[in-house]
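A closer look at the structure
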Amino acid sequence: MGKTTSLSFYWMTAAFVVLLASGCAASDEDKVVAIATKEMGKNTALLGRIFPMFSKFFLRDTSRSSLSLKEVFNAVMKCIDNREVAIFAAIGWGLVPLTQSVYELFNRVIDKEMKHVEKLTPEKVKETVHKVLLFKPFKQTFTYQVVEHISQASKIGILVMTVDALTLIGKMMGFQHFIMDHVSGVFSKFAYSGWIAYRVKLLKRYFLEKSMGSLGRTTDLGKLNLVDNLLDGTIVVVWLMRMLDFLEVETGFAVKSLFSVGATGTLVFGLASKDIASQIMAGLSLHLSEKIFEEDQVKFSDGTSGKITKMGWFETMIQNSDDVVVAIPNSQLTGQRVYNLSRTPHSQVQQTLRIRYEDASKIPLLLETIKEEIRNDCDKLIPGRLRAHWSNFEDDHLQVVVDAHFSIKPTGVAYHDNRQKVLQAIYRAVKKTGVNFEKSVRA
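Residues numbered from 1 in each chain as written. Predicted model: local features only at pLDDT ≥ 70, side-chain atom pairs only at ≥ 80, totals over all residues. Heavy atoms only, no water.

1. Brief notes about the pattern of salt bridges
In the structure shown here, the tally under the stated rule is nine salt bridges. Between D296 and R343 there is a salt bridge whose closest N-O contact spans 3.9 Å. Of this pair, D296 sits in the loop between α9 (263–289) and β1 (297–300) while R343 sits in the loop between β5 (338–340) and β6 (347–355), placing them 47 residues apart in sequence. Overall, D296 belongs to the buried group, its relative accessible area being 0%. Taken together, the shared-partner salt bridges connect E373, D377, R428 and K432 into one network. (Salt bridge = Lys/Arg side-chain N within 4 Å of Asp/Glu carboxyl O. Helix = DSSP H or I, 4+ residues; strand = E, 2+ residues; numbered from the N terminus. Buried < 20%, exposed > 50% of the residue type's maximum accessible area, 1.4 Å probe, protein only.)

Set out below in C-alpha cells:
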C-alpha cells in the first residue's frame, strides 16, 4: 500500500513539472511571436501585408473603421446627387449626337427650299445661292468643335466624380494616409490641365497652318514643322512645371528637389543625356535644312529609301516599298547624301538590250523604230533627251542602250506607267524589225 502511494506521488509530481515546463515554453513562444509580428510590421515590404490589405474590403476592421464595405458603398451612393451625374453623362455622351441630328435636319430643310429656288432662278444666281447655303459635313464645322470640347470636358468630369467616390470609400474603410487627402484634387488638376494642354497643341497647329500657308510643297513647310515642335515642347515643359508646383503646394513634397543631385549624379546625368542632346540637335538640323519634308520620297546614300511618314526630334519614320515602317535615329541621317525624289521634276528610263550577232545588220532599223515608238507613245518625253545607240561588242552579244528622259517625277504611279510604256515601245520595235535577243548565260 505504501509503495503504491509513493509511486502515485511521483507520477503526479512528474506531470506537474511537465505542465509547468510546457506553460513556460508557450509563454516564451508567445512573446517571441509578438516580437516577430511587431518587427515584421516595421521592416517588411510585402510579407504579411497583402492579405490584411485586401481583407479590409470583406472583413470589418474595428480597429480602423466600424463600417463594412457594403455599408460604406451604400452610404456614398446615397450622398451622390444623381442629377449631377445625369447632367454630366447627358452632355458627355448626348450633346454631340443631338447637335448633329439638329444640324442634319436643318440641312435637309434647306435642301428642299433650294430645289424650289433652283427652278425659278437663272444659272448664275443658282450657283451663288449654292455657295452661300452650301453645308459642310458636321465634323468640319465650328459648331462641332464647340460641342465636342464641351462633351470631352463633361466626360472628364464623370471620371473625376468616380475618383472622388473611390477616395471617399477608401478613407471611410480606414485607409488613412496623407496621400488619400490629396488624390481627388491632384487627379482633377492633372486631368483637366492635361486635356487643356492637348487641345492648345491642336489649336496651335491650326493657327500655324493658317499663318504660314497650307501644307503644300512650300519653302515654309520645314519652318512650320520646326516651330510646331518647339511650341509642343514648350507647352509640355510649362505643363509639367505647373504640375510640380501644384504637387509641392498640395502635398508639401518638394518634387523639384529630386532634380538637385550631387557631383556624381550630375556626371551620370550628363553622360546619359549626351546621346539625347545629339539626337535633338540632329533633328533640329534636319528641320532647318529643309532638304526633306514629311510625305517626301527619298533615298539616302546608305541605300535606305522610301516615303517619310514622320519627322521627330529623335528619329525619322520611313515607309519602305513593302509598307514596312523603319525608325532611323536622326544622327544617322544628317551626315548622309540624300536624294529627294519628290522634288525632282524629271525622270529617266534606261534599258540595255542584248542583240544576237546574226541580227547586226538590223540594228540601225531597230534603233530608229525604237525612237519612233517611244515618241508616239510617251507624251512626256523631253525633246532632245532620247538616245538609242549600239554601244558595245560583247563576247556573246551586241549591246544596245536606250536612254530616255521625261518631265515626270521619278516616283509614283505616273512614273511606273510611263516606264511601262517605254518597255512596250521597245518590245514593239523588236517585233517589227524581227530582231532576236541573246539570252544571258549564268555561271
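2. Overview of the nonpolar core
Soluble, globular proteins show a tendency: their nonpolar side chains are buried together. Core analysis: the largest hydrophobic core is formed by 25 residues, its most contacted members being I355, I370, I374 and F406. Mapped by element, the contributors of at least two residues to this core are β6, α10 (363–377), β7 (381–393), β8 (398–406) and α11 (413–433). A per-element tally of this core places α11 first, with six residues. In this structure, I292, V298, I318 and I328 belong to the second largest nonpolar core, which totals nine residues. (Core = buried A, V, L, I, M, F, W, Y, C linked by side-chain atoms within 4.5 Å.)

3. Focus on the sheet that holds β7
Spatial strand order, β6-β8-β7: three strands in an open sheet with antiparallel pairing. Two strands lie at the open edges of the sheet, namely β6 and β7, each paired on one side alone. The average angle at which neighbouring strand axes cross in this sheet is 15°, direction not considered. In this sheet, β8 lies alongside β6 in antiparallel orientation, the contact comprising nine bridges. Each bridged residue has a counterpart across the sheet, and for Q350 the counterpart in β8 is D403. (Pairing = 2+ DSSP bridges. Axes fitted to C-alpha atoms, helices over the stretch in contact; angles between N-to-C directions.)

4. Observations regarding the pairing of β1
A one-sided burial pattern is seen for β1, the buried positions being V298 and F300 and the unburied ones Q297 and K299. When β1 meets β5, the two strands line up antiparallel, connected through three bridges. Bridge pairing in β5 links K299 to Y339.

5. A short note on the sheet that holds β1
To summarise the sheet geometry, strands pair through backbone hydrogen bonds and adopt either a parallel or an antiparallel arrangement. On the basis of which strands lie adjacent, the open sheet formed by five strands has the order β4-β3-β2-β1-β5 and antiparallel pairing. The strands lining the two open edges of the sheet, one partner per strand, are β4 (325–329) and β5. Taken over all neighbouring pairs, the strand axes of this sheet differ in orientation by 40° on average, direction set aside.

6. Brief notes about the side chain of K204
Locating K204 in the fold gives a position in helix α7 (residues 183–212). Under the relative-accessibility criterion, K204 is labelled buried at 12%. Not counting residues up to four positions away in its chain, the partners in contact with K204 are D228, L231, D232 and I235. (Contact = heavy atoms within 4.5 Å.)

7. As for the confidence of the model for the protein
One rule of thumb: low pLDDT means the predicted coordinates there are not for detailed reading. With 66% of its residues at a pLDDT of at least 70, the protein reaches an overall mean of 75. Confidence, read as mean pLDDT per element, is least for helix α5 (residues 123–133) in the protein (51) and greatest for β8 (94). (pLDDT = per-residue confidence, 0-100.)

8. Quick look at α10
An ideal rise of 1.5 Å per residue puts 21 Å on 15 residues; α10 measures up with 21 Å between its terminal C-alpha atoms. Every buried residue belonging to α10 is among I363, L366, L367, T369, I370, K371, E373 and I374, and all of these are buried. For α10, the secondary structure elements touched by its buried residues are β6, β7, β8 and α11. (Expected span 1.5 Å × (residues − 1).)

9. Here we look at the packing of aromatic side chains
Tallying each qualifying case throughout the model produces five aromatic pairs. On the basis of an interplanar angle of 55° and a centroid distance of 5.5 Å, the ring pair of Y103 and F138 is categorised as tilted. Taken together, the positions of Y103 in helix α4 (residues 82–118) and F138 in the loop between α5 and α6 (142–172) put the pair 35 residues apart, joining distant regions of the chain. The interplanar angle of 75° and the centroid separation of 5.4 Å between the aromatic rings of F138 and Y144 together place this pair among those described as edge-to-face. Members of the aromatic cluster, connected to one another through ring pairs, are Y103, F138 and Y144. (Phe/Tyr/Trp six-rings, centres within 6.5 Å; stacked < 30°, edge-to-face > 60°.)

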